[in-house]
Amino acid sequence: MRNRRINRDELIWHAVAAIPFGMVATYGQIAEWAGLPRQARQVGYALHNLPADSTVPWHRVINAKGMIAFPPGSAQYYRQRELLNSEGVLFVGQRIDMRRFRWKPTMDEAVWGVP
DNA sequence: GTCTTGACTAAGC
DNA sequence: GGCTTAGCCAAGA
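Residues numbered from 1 in each chain as written. Chains lettered and ligands numbered in written order. Predicted model: local features only at pLDDT ≥ 70, side-chain atom pairs only at ≥ 80, totals over all residues. Heavy atoms only, no water.

A. Molecular detail of the nonpolar core. By size, the foremost hydrophobic cluster in this structure holds 18 residues, and its most contacted members are I12, V16, I19, I30, V43, L47 and V61. Secondary-structure elements contributing two or more residues to this core are α1 (8–17), α2 (27–33) and α3 (40–48). With four residues, the top contributor of residues to this core is α1. With sequence-adjacent residues up to four places away left out, V61 is seen in contact with V16, I19, A25, T26, Y27, I30, V43, L47 and Q80. Among the nonpolar cores identified, the runner-up in size contains ten residues, and L84, V89, I96 and F101 belong to it. (Core = buried A, V, L, I, M, F, W, Y, C linked by side-chain atoms within 4.5 Å. Buried < 20%, exposed > 50% of the residue type's maximum accessible area, 1.4 Å probe, protein only. Helix = DSSP H or I, 4+ residues; strand = E, 2+ residues; numbered from the N terminus. Contact = heavy atoms within 4.5 Å.)

B. Structural context of the packing of aromatic side chains. Per the stated rule, a full pass over the model turns up two aromatic pairs. Measuring from ring centre to ring centre gives 4.9 Å for W33 and W103, while their planes differ by 80°; the resulting arrangement is edge-to-face. A residue pair is termed long-range when its members are at least 10 positions apart, and W33 in helix α2 and W103 in the segment after α5 (98–101) qualify at 70 residues. Classification of W33 as partly exposed rests on a relative accessible area of 30%. Owing to a relative accessible area of 18%, W103 belongs among the buried residues under this scheme. Where Y77 meets Y78, the ring centres are 5.4 Å apart and the plane angle is 85°; that geometry is what we call edge-to-face. By relative accessible area, which is 3% here, Y77 ends up buried. By relative accessible area, which is 45% here, Y78 ends up partly exposed. If you follow R81 out to its NZ or CZ, it ends over the ring of F91, 5.5 Å from the centre. (Phe/Tyr/Trp six-rings, centres within 6.5 Å; stacked < 30°, edge-to-face > 60°. Lys NZ or Arg CZ within 6 Å of the ring centre and 35° of its normal.)

C. Region of the structure containing α3. Every buried residue of α3 is listed here: V43, A46 and L47. Take α3 and look down its axis: the buried residues cluster within an arc of 95°, on one side only. Turned more than 90 degrees from where α3 packs its buried face, R41, Y45 and H48 sit exposed. The elements touched by buried residues of α3 are α1, α2 and β2 (61–62). (Arc of directions from axis to C-beta.)

Structure (structure tokens):
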């Protein structure tokens, strides 16, 4: 069987799985950490292909606006919101307080929010 | 091969 | 704060 190279999806899933409990990350962040910059859409695509029996915390991935990518009112929207709420991620209306819950990788070296 | 779609983002109005 | 436009890349028809 050859060393199957890690698929793009698995790379993304791995990055998503690295998000700690009670934290969230944006699609752009996941793409970048997975080594796929500018491919935020691919992250959503990979999550869409995520098997139902997977343990990947897909609900910790949100868009850059701090909102769930699903349209409000949809079953998926409420499911993700409930999962986040159960982890202590509080919502302000339809938005998450990114200043508190956005995960910052390697806080010592990471440069996020640089002007 | 081209065209459309998509769990996105940033900038402009 | 919300809508529109443009940019981006990959998968599917």
